[in-house]
Amino acid sequence: MEGHKMTLTRNLLAQGFALGLLSTSALAGQADVAFVNGRFWTVNPAQSEAAAVAVKNGVFVAVGTTAEITALADATTKVIDLHGQRVLPGLIDAHTHPLETLWMKSDWVDARYPETPSVAVALTNIATRVGTSAPGDWIFVACVSASENKFAEKRLPTRAELDEVAPGNPVILANGAHMAVVNSKALEALGITKGMTRLPKGGGVLTDADGNPTGVITDGFADIPSAPKPAEVIAYYGQGIAQFWNQYGFTSMLAITPHQVVPALQAVSQSVKQPNIRYTVSVWGAPDGKDLPDDLSAFDMPKDADPNYYRFAGIKAWVDGENDARTGYMYDPYEGHFDIDPAGGRGTLVTPQVEANAFVDLARRNNRLAMLHCSGDAATDICLTAYERDAAATPHANMRRIEHFGMFQLSDAQLQRAQALKKTGLYISVQPIWLTELVKADFENMGAERASTGYKFETMIKAGLEPAASTDMTGLYLGNIDPFKAMQALVTRQSDMGLFEPEEAVSVQDAIRMWTVWPAKSLGEAEHRGSIEVGKLADMTVLTQDILSVPGDKIAETQAAETIVGGRVVYTRP
């Protein structure tokens, strides 16, 4: 790599000089910091390998050999020796819920499988929290998705069981992010009475044959008084989120953000000018998007906020729930039956076609990214139809994204429709870590024929869809924060039920692209990040081992040795 010719240009972003090629002598003294003696895989096809980089004002100004970069340093330049470590572009989390993650991580009762193996242990954990809570205090409980498939009893706690352990406290037990079981006190607090099947902001209420609420709520978190205190929100965005994500090599994220906390994030953009992670923000309100204003400019960051660190990019709505909670909207019913199943057994339709079309129109009118969550096959077709309608009216006018595309099942027709939409600005986000957690539940819930069509990442790549990987962290699966565990699953196809569809394995190089340049594209930010090249933001992830040379089944042992944002080392592994 020392033989590669150094690429040089003036600083495009921070200095605003005209584009041009410069000699090494012309750039001498132009580096604030130089990283040398590394093994950079740049994800830049024009210069894939390098040994060193120079940074000025947070931007790469040179990429080349150690000798070339060292020549740019003067007495004021900080020179950091990487001692041969592998370096990647800064990792980007393309779809995540950071606020909820920190709140659930710190405040919620832990009933997460496998540490909590059963309903019985979950109830014990809840009872312990009740013992330290005042009467009337809300108690929130975190269970991983598909806990009904995972707990020893093969079910969730019931409303009656929650009443028994918490008779004086409203309790909400989250089964993933799209379903919850609540007790009678919570039903009372929410004003849910006999015959109600819908909450004001779109949540669904399951009832028995007589119309009595069973305690099961689908996609109801917008209706539940569940938010951290303002001071906590400011602390999370100012410092806590970066501290957690930086440990795993992340330098940027698409932060999916409840609309009511946007003012706190706007305030943070004024008090913390350069946080240790870059926030691209997508805002949500009601699950079906109905309560978003016609004018989305209220969500813009302040004019003097640094757009390289804070940017309002888009809006999100949910077409359905999620397949692992049996609420993803399907054409055919799920296998078997659980008491938590919505009526009809085909999942939950949160945003019908007409409303999905209106949501996409809202994003287009405001020149914002439209993000539609689609888990089930019927929901995916609603999303594709909404985007085809939009593309026919205004091709290339706006970016469009499908969240969780093809994760649980994917038909050839849907793949072809997505390929056609890619030409007009479609991007997709995927969650490869779910291979290690949800394949077994998918087979139990959908049967082998449907479940075997999910997680087709190599097919997506060959189709040119450039899938953007993400953690989809909510605070439920805390281990999902680790991108290297996800990369190993991508490469080896080892799932929670063994080797799964091995022909869909991807190369290590493509696994890295899924966490770097393709997320950058899906955020509309590939011009500024996603690869190590001159003119881009100087974000890097230094690794503890060479991910490009270790065996596939050892990739998950990789860790972030250092995380670098804008040339600043913001995390060093102890």
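This is a predicted model, so every value here is computed, not measured.

**Student:** Help me understand the overall build of the chain, please; the structure alone is not making it clear to me.
**Tutor:** A tally of helices and strands in the chain yields 18 helices and 27 strands. For 574 residues, the compact-globule formula gives about 25 Å, and the C-alpha radius of gyration of the chain, at 24 Å, lands near that figure. Residues classed as buried in the chain amount to 61% of the 574 residues present. If you take every contact in the chain between residues at least 6 apart in sequence, the share linking residues at least 24 apart comes to 75%. Accessible surface computed for the chain: about 20,300 Å², of which carbon and sulfur atoms make up 53%. With 48 positive and 66 negative side-chain charges, the chain shows a spacing of 5 Å between the two charge centroids.

**Student:** Can you help me understand helix α3 (residues 98-107) in this one?
**Tutor:** Owing to its 3.6 residues per turn, the α-helix brings residues three or four apart onto one side. When you tally the buried positions in α3, you get seven out of 10 residues, the bulk of the element. Where α3 is concerned, the buried positions are Pro-98, Leu-99, Glu-100, Thr-101, Leu-102, Trp-103 and Met-104.

**Student:** Even after reading the chapter, I still don't get the sheet that holds strand β26 (residues 560-565), so can you show me in this structure?
**Tutor:** Where strands meet in a sheet, backbone hydrogen bonds hold them as pairs that are either parallel or antiparallel. With mixed pairing, six strands are arranged side by side in an open sheet as β4-β3-β8-β25-β26-β27. In this open sheet, the two strands that pair with only one neighbour each are β4 (49-50) and β27 (568-572). Note: strand β8 (residues 86-89) against strand β25 (residues 540-543), three bridges, orientation antiparallel. Looking at the pairing, Leu-88 lines up with Thr-541 of β25.

**Student:** Would you explain the pattern of salt bridges in this entry?
**Tutor:** Pairs can form between side chains of opposite charge once their charged atoms are near each other. In this structure the tally under the stated criterion is 26 salt bridges. For Arg-368, the salt bridge identified is with Asp-300, shortest N-O distance 2.4 Å. Of this pair, Arg-368 sits in the loop between α10 (353-365) and β19 (369-373) while Asp-300 sits in the loop between β17 (278-284) and β18 (310-318), and the two are 68 residues apart along the sequence. Under the relative-accessibility criterion, Arg-368 is labelled buried at 17%. Across the pair Lys-536 and Glu-533 runs a salt bridge whose closest N-O atoms are separated by 3.4 Å. Residues joined in a network through salt bridges with shared partners are Asp-361, Arg-364, Arg-389, Asp-390 and Arg-400.

**Student:** Where do I start with the packing of α3 against helix α8 (residues 230-246) in this structure?
**Tutor:** Between two packed helices, what matters for the description is the angle formed by their axes and the separation of those axes. Look at α3 against α8: their axes get within 9 Å of each other, and the N-to-C directions meet at 90 degrees. By the angle class used here, α3 and α8 are roughly perpendicular. Residues Pro-98, Leu-99, Thr-101, Leu-102, Trp-103, Lys-105, Ser-106 and Asp-107 of α3 form the contact with α8, whose own contacting residues are Glu-232, Val-233, Tyr-236, Tyr-237, Gly-240, Ile-241, Phe-244 and Trp-245. Broken down by class, the residue content of the contact of α3 with α8 amounts to 10 nonpolar, three polar and three charged.

**Student:** What am I meant to see in the confidence of the model for the chain here?
**Tutor:** Caution applies to low-pLDDT regions: their predicted coordinates should not be interpreted in detail. Confidence along the chain averages 93 in pLDDT terms, with 94% of residues attaining 70 or more. When pLDDT is averaged over each element of the chain, β25 comes out on top at 99 and strand β1 (residues 7-8) at the bottom at 42. Here residues 1-26 scores under 50 on pLDDT; set against residues more than four positions off or in separate chains, the count is 75 contacts.

**Student:** I would appreciate a short explanation of the nonpolar core in the present structure.
**Tutor:** One broad rule of soluble globular proteins: the nonpolar side chains tend to lie buried together. Counting residues in hydrophobic clusters, the biggest one holds 125 residues, and the most contacted among them are Trp-245, Tyr-279, Leu-372, Tyr-455 and Phe-457. When residues of this core are assigned to their parent elements, the largest contribution, eight residues, is made by helix α11 (residues 377-393). Sequence-distant contacts of Trp-245, defined by excluding residues within four places in its chain, comprise Asp-93, Thr-96, Pro-98, Thr-101, Leu-102, Phe-250, Met-253, Ile-277, Thr-471, Met-473 and Ile-481. In terms of nonpolar packing, the next biggest core, distinct from the first, is built from 23 residues, Ala-111, Leu-162, Ala-166 and Ala-325 among them.

**Student:** For this particular structure, what's the right way to read the sheet that holds β18?
**Tutor:** One open sheet accounts for eight strands, arranged β9-β16-β17-β18-β19-β20-β21-β22; its pairing is parallel. Each end of this open sheet is capped by a strand with a single partner; those strands are β9 (91-96) and β22 (468-469). In this structure, β17 lies alongside β18, joined through five bridges in parallel fashion. From the neighbouring strand, Thr-280 faces β18, where its bridge partner is Arg-311.

**Student:** Explain α11 to me, please; I cannot follow it from the model alone.
**Tutor:** The first and last C-alpha atoms of α11 sit 25 Å apart over 17 residues, in line with the 24 Å expected at 1.5 Å per residue. Of all 17 residues in α11, 12 are buried, a share of seventy percent or more. By the burial criterion, the buried members of α11 are Asp-377, Ala-378, Ala-379, Thr-380, Asp-381, Ile-382, Cys-383, Leu-384, Ala-386, Tyr-387, Asp-390 and Ala-391. Among the structural elements, α10, β19, β20 (400-403), α12 (412-422) and β21 (426-430) are those in contact with the buried residues of α11.

**Student:** Would you explain the pairing of β25 in this entry?
**Tutor:** Remember that side chains alternate between the two faces of the sheet whenever the strand is regular. The two faces of β25 match: Met-540 and Val-542 on one face and Thr-541 and Leu-543 on the other face are all buried. The sheet contact formed by β25 and β26 spans four bridges and is antiparallel. Looking across to β26, one finds that Met-540 is bridged to Ile-564.

**Student:** Teacher, can you tell me more about the packing of α10 against α11 here?
**Tutor:** Packing of α10 against α11 leaves a shortest axis separation of 9 Å and a crossing angle of 45 degrees. When the axes of α10 and α11 are compared, the pair comes out oblique. Between α10 and α11 lies a crossing of right-handed hand. Note on element contacts: α11 touches α10 through Asp-381, Ile-382, Thr-385, Ala-386, Tyr-387, Arg-389 and Asp-390, opposite Gln-353, Ala-356, Asn-357, Val-360, Asp-361 and Arg-364. Here the residues of the contact of α10 with α11 are counted per class, giving five nonpolar, three polar and five charged.

**Student:** Would you mind showing me how to read the packing of aromatic side chains here?
**Tutor:** Each pair of aromatic rings is reported with the distance of its centres and the angle of its planes. Counting across every chain of the model gives 16 aromatic pairs. Ring centres of Trp-108 and Phe-140 lie 5.2 Å apart, and the angle between their planes is 25 degrees; this geometry places the pair in the stacked category. On the criterion of sequence distance, the pair formed by Trp-108 in the loop between α3 and β10 (109-110) and Phe-140 in strand β11 (residues 139-143) is long-range, its members being 32 residues apart. The exposure classification of Trp-108 matches that of Phe-140, with both residues buried. Geometrically, the ring pair formed by Phe-244 and Tyr-248 is edge-to-face, given 6.0 Å between the ring centres and 80 degrees between the ring planes. Each member of the aromatic cluster is reached from another via a ring pair, and the members are Phe-408, Trp-434, Phe-443, Tyr-455, Phe-457 and Phe-500. Residue placement shows Lys-105 over the ring face of Phe-244; its charged tip is 5.0 Å from the ring centre.

Rules used in this analysis
- Residues numbered from 1 in each chain as written.
- Predicted model: local features only at pLDDT ≥ 70, side-chain atom pairs only at ≥ 80, totals over all residues.
- Heavy atoms only, no water.
- Helix = DSSP H or I, 4+ residues; strand = E, 2+ residues; numbered from the N terminus.
- Rg over C-alpha atoms; globule rule 2.2 N^0.38 Å.
- Buried < 20%, exposed > 50% of the residue type's maximum accessible area, 1.4 Å probe, protein only.
- Contact = heavy atoms within 4.5 Å.
- Areas by Shrake-Rupley, 256 points an atom, 1.4 Å probe, with all protein chains shown as cover.
- Lys, Arg positive; Asp, Glu negative; His and termini not counted.
- Charge placed at Lys NZ, Arg CZ, Asp CG, Glu CD.
- Pairing = 2+ DSSP bridges.
- Salt bridge = Lys/Arg side-chain N within 4 Å of Asp/Glu carboxyl O.
- Axes fitted to C-alpha atoms, helices over the stretch in contact; angles between N-to-C directions.
- Parallel < 35°, antiparallel > 145°, perpendicular 65-115°, else oblique.
- Nonpolar A, V, L, I, M, F, W, Y, C, P; charged D, E, K, R; others polar.
- pLDDT = per-residue confidence, 0-100.
- Core = buried A, V, L, I, M, F, W, Y, C linked by side-chain atoms within 4.5 Å.
- Expected span 1.5 Å × (residues − 1).
- Left-handed = near helix turned anticlockwise from the far one by under 90°.
- Phe/Tyr/Trp six-rings, centres within 6.5 Å; stacked < 30°, edge-to-face > 60°.
- Lys NZ or Arg CZ within 6 Å of the ring centre and 35° of its normal.

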